[in-house]
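Here are the chains, one letter per residue:
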Amino acid sequence: MPEVHSKMSVHNDTVTTVLSAESRLSREVLWRAIVMPEQLRHWLGHVAEPLTEGTEFVLSYLNGSDHRVVGMVTRAEEPSTLEFTWRFNGGSESQVRVDLEETNSGTKFTLTRTGVEIDQAAADAASWHAQIDFLSFWLHDRIALGAALRERRNELIGQYEAEVANALCERV
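Since the model is a prediction, treat every value here as computed from it, not as a measurement.

Peer 1: Whenever I open this one, the pairing of strand E1 (residues 5-11) confuses me. Can you help?
Peer 2: One face of the sheet, then the other: side chains in a regular strand alternate in exactly this way. Across seven bridges, E1 lies against strand E2 (residues 14-23) in antiparallel orientation. Pairing of valine 10 across the sheet is with valine 15, part of E2. What sits between E1 and E2 in their antiparallel hairpin is a turn of two residues, with asparagine 12 showing a positive phi close to 55°.

Shown next, in the form of structure tokens:
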């Protein structure tokens, strides 16, 4: 998944972000990477059990920070769609949806974030973009150090601040 494409839009007082990337890997390989604890720990964080429909989870990050996420899987249709709630550090709840669409050359990976507060949207999008980069690194046998997430997010945040500003200008 070499290049991540993004689109942001504002709905009422929240932002929806869509991040997509192409992969030569199969949906089944990507599915395991987004639901299985032993694979999630290499690119996103630590969870106790597989992300199956109805599962409540607590995710702790790779970099040893005290940040944590509480969520619940609301939909899991193997190997195509995973949806879950996302509450970062006790903040407001938002949603994450991952769609894995089979293509002629592999899989289109699309992550959609909805319900993100406007003032958090740029950092949130930059963080998810960095996580998708880390997923790609790990799937292609490269190490993604958890401590590097903040650095990668900081490299990307300006891009997403501009996208949020554009989305606010286009808001109806």
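Alright, that's what it looks like, and here's the rest.
Peer 1: For this particular structure, what's the right way to read the sheet that holds E2?
Peer 2: Whenever strands of a sheet pair, they do so through backbone hydrogen bonds, lying parallel or antiparallel. Pairing is antiparallel in the open sheet, where eight strands are placed in the order E1-E2-E8-E7-E6-E5-E4-E3. The outermost strands of the open sheet, each flanked by one partner alone, are E1 and strand E3 (45-46). Note: strand E4 (residues 56-61) against strand E5 (residues 68-77), five bridges, orientation antiparallel. Bridging from a neighbouring strand, leucine 59 pairs with valine 69 of E5. Across the sheet, helix H1 (residues 27-35) is in contact with E2, E5, strand E6 (81-88), strand E7 (94-103) and strand E8 (106-117); its angle to E7 comes to roughly 160°. Its contacts with the sheet put helix H3 (residues 121-139) on E1, E2, E4, E6, E7 and E8, and the angle it makes with E8 is roughly 155°.

Peer 1: What is the right way to look at the environment of glutamate 56 in this model?
Peer 2: Note that glutamate 56 resides in strand E4. Looking at glutamate 56, the relative accessible area reads 61%, which means it is exposed. Sequence separation between glutamate 56 and threonine 85 is 29 residues, and the spatial gap between their C-alpha atoms is 9.2 Å.

Peer 1: How should I be thinking about the pairing of E5 in this particular structure?
Peer 2: Here six bridges tie E5 to E6, and the two strands are oriented antiparallel to one another. When the bridges of E6 are listed, glutamate 77 appears paired with threonine 81.

Peer 1: How should I be thinking about H3 in this particular structure?
Peer 2: Each α-helix winds once per 3.6 residues, and so residues spaced three or four apart point in a common direction. Compared with the 27 Å implied by 1.5 Å per residue over 19 residues, the 27 Å span of H3 between its first and last C-alpha is a close match. H3 sits mainly inside the fold: 15 of its 19 residues count as buried. The first or second residue beyond H3 is aspartate 141, which carries a positive phi of 60°.

Cut-offs and rules
- Residues numbered from 1 in each chain as written.
- Predicted model: local features only at pLDDT ≥ 70, side-chain atom pairs only at ≥ 80, totals over all residues.
- Heavy atoms only, no water.
- Pairing = 2+ DSSP bridges.
- Helix = DSSP H or I, 4+ residues; strand = E, 2+ residues; numbered from the N terminus.
- Contact = heavy atoms within 4.5 Å.
- Axes fitted to C-alpha atoms, helices over the stretch in contact; angles between N-to-C directions.
- Buried < 20%, exposed > 50% of the residue type's maximum accessible area, 1.4 Å probe, protein only.
- Expected span 1.5 Å × (residues − 1).

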